[in-house]
Amino acid sequence: MVDLHGQYLKIKKEVDNAIQGVIDSTSFIRGDDVRQFQDELSDYMGVKHCIACGNGTDALQVSLMALDLQPGDEVITSPFTFISTVEVIRLLRLNPVLVDVLPDTFNLDPSLLEQALSDRTRAIVPVHLFGQCADMESILEFARINGLFVIEDNAQALGADFLPEGGTAKKAGTLGHLGTTSFFPSKSLGAFGDGGAIFTNDESFGLRAASLVNHGMERRYHYNLVGVNSRLDTLQAAILRVKLRYLDDYHRRRQEAAAWYDTTLSDLPGVTVPHRSSFSTHIFHQYTLQVPPSKRDALRQWLQDKGIPSMVYYPGPLHLQKAYRDLGLGEGDLPVSEDLCRRVLSLPMHTELEKDQLEYISEQLRFYFKS
Ligand SMILES: *Cc1c(COP(=O)(O)O)cnc(C)c1O
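Residues numbered from 1 in each chain as written. Predicted model: local features only at pLDDT ≥ 70, side-chain atom pairs only at ≥ 80, totals over all residues. Heavy atoms only, no water.

Enquirer: Got a minute to help me understand the pairing of strand β4 (residues 121-125) in this structure?
Expert: With four of five residues buried, β4 lies mostly within the body of the structure. The sheet contact formed by strand β2 (residues 74-77) and β4 spans four bridges and is parallel. Across the sheet, the residue bridging to threonine 77 is valine 125, located in β4. Both β4 and strand β5 (residues 149-153) contribute to a ladder of two bridges, which runs parallel. From the neighbouring strand, alanine 123 faces β5, where its bridge partner is phenylalanine 149. As a crossover connection, the stretch from β4 through helix α7 (residues 136-146) into β5 is right-handed. (Buried < 20%, exposed > 50% of the residue type's maximum accessible area, 1.4 Å probe, protein only. Helix = DSSP H or I, 4+ residues; strand = E, 2+ residues; numbered from the N terminus. Pairing = 2+ DSSP bridges. Right-handed = clockwise from strand over helix to strand, strands pointing away.)

Structure below.
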């Protein structure tokens, strides 16, 4: 699904030098590279504050902690996402309120927000799934009218542009009160281990988040908040500084691969290629087809027999997971997400896909539908 080794080989010298530099400095925690990476990433994002942390899950947790919500407060989010989004809401004793997604973009359906609203609703966590923005214009407007916070889970769309009609482009993750991302190795900006970051244009949220990731420390051994230990280590920051310089190239490579898949697969019977929203660019963290549910597993097997990996993101919506049964939702309650879980199939998508590989993958998919 990804080729992290091939990607590394192309930048080996720079990465190896960066790693050696950190080892020579022995400044493994809160070293210079961390501060420099934060500055460079906030420049890239066009955001005032970037706070690096241990992983994308912690970035979400710390962002929620920065809002200072009370146990029992409700946070609206998507059931069609990675578990972290809902997990951190639960861990903080807040109540996740799951709202179904749109069948074409897999992102939160803004028309369902009104019916999810209660007098305990405090925040919305839209997820920019698979590489493109949720409908932020509608979500931000709803949040503004109802006095809600917005935290964008931008683990999958780092670098995507939100393009409001008639407005100027802004990066996904910089539109809400806070935004988060992940540097998990397979994400679009992947570290050589875990990492994450929080973005905000609000100085007080920025200061709180920076303190929270470091035990709530104000200055050395003085604690104003109950925090966590979640820092990006210097080695990862040094590696990410190198890779950030290639991020737009990486996106171009992914977009070229996606365009190839689009042109070769869009006429297959019963197959839907990814929808592209008018208000967002798509960085194709995943290239996800929708296929007839009755054919999906056989198709996966067929591809596997031809040496082609594919994945189902996600095989089950979060409201049907055992750990979240007490949310009180069952089969049929979030029908779009449930249906998508039966239809989606993600193809290999990464920066090292060559023409002959793409040709082979499309050809095998076409054979399957002809046979
Ligand atoms: C990867 C991911 C996360 C979590 O990031 P980690 O760095 O693995 O903790 C959160 N939300 C979404 C949508 C993700 O894809």
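Moving on from the coordinates now.
Enquirer: Whenever I open this one, the site of the ligand confuses me. Can you help?
Expert: Inspection of the region around the ligand gives 15 residues, with Gly56, Thr57, Asp153, Ser182 and Lys187 positioned closest. Note that an oxygen atom of the ligand is positioned 2.7 Å from one of the backbone N or O atoms of glycine 56. Take aspartate 153: an N or O atom from its side chain is 2.8 Å from a nitrogen atom of the ligand. Only α4 (56-66) and α5 (84-91) provide two or more residues apiece to the shell around the ligand. For the shell around the ligand, a count of residues per class yields four nonpolar, nine polar and two charged. (Near = heavy atom within 4 Å. Polar contact = N/O pair within 3.5 Å; in protein donor to acceptor, adjacent residues only side chain to side chain. Nonpolar A, V, L, I, M, F, W, Y, C, P; charged D, E, K, R; others polar.)

Enquirer: Before we go on, may I ask you to explain unusual backbone geometry in this structure?
Expert: Both trends apply: most residues other than glycine have a negative phi, and most peptide bonds are in trans. Residue tyrosine 313 is joined to tyrosine 314 through a cis peptide bond whose omega torsion reads 10 degrees. Its place among the elements puts tyrosine 314 in the loop between α11 (293-305) and α12 (335-343). At phenylalanine 130, a residue that is not glycine, the phi angle is positive and equals roughly 65 degrees. Structurally, phenylalanine 130 can be placed in the loop between β4 and α7. On the accessibility criterion, phenylalanine 130 (2% relative accessible area) is buried. Of note in the backbone geometry, tyrosine 221 takes a positive phi value of approximately 65 degrees without being a glycine. Relative to the helices and strands, tyrosine 221 resides in the loop between β10 (217-219) and β11 (222-223).

Enquirer: Is there a simple way to think about the environment of valine 62 in this case?
Expert: With respect to the helices, strands and loops of the structure, valine 62 is situated in helix α4. Classification of valine 62 by relative accessible area gives buried; the value is 0%. As a C-alpha pair, valine 62 and phenylalanine 369 span 307 residues in sequence and 47 Å in three-dimensional space. For valine 62, the residues in contact, after removing those within four places along its chain, are Ile198, Ala209, Leu212, Val213 and Val228. (Contact = heavy atoms within 4.5 Å.)

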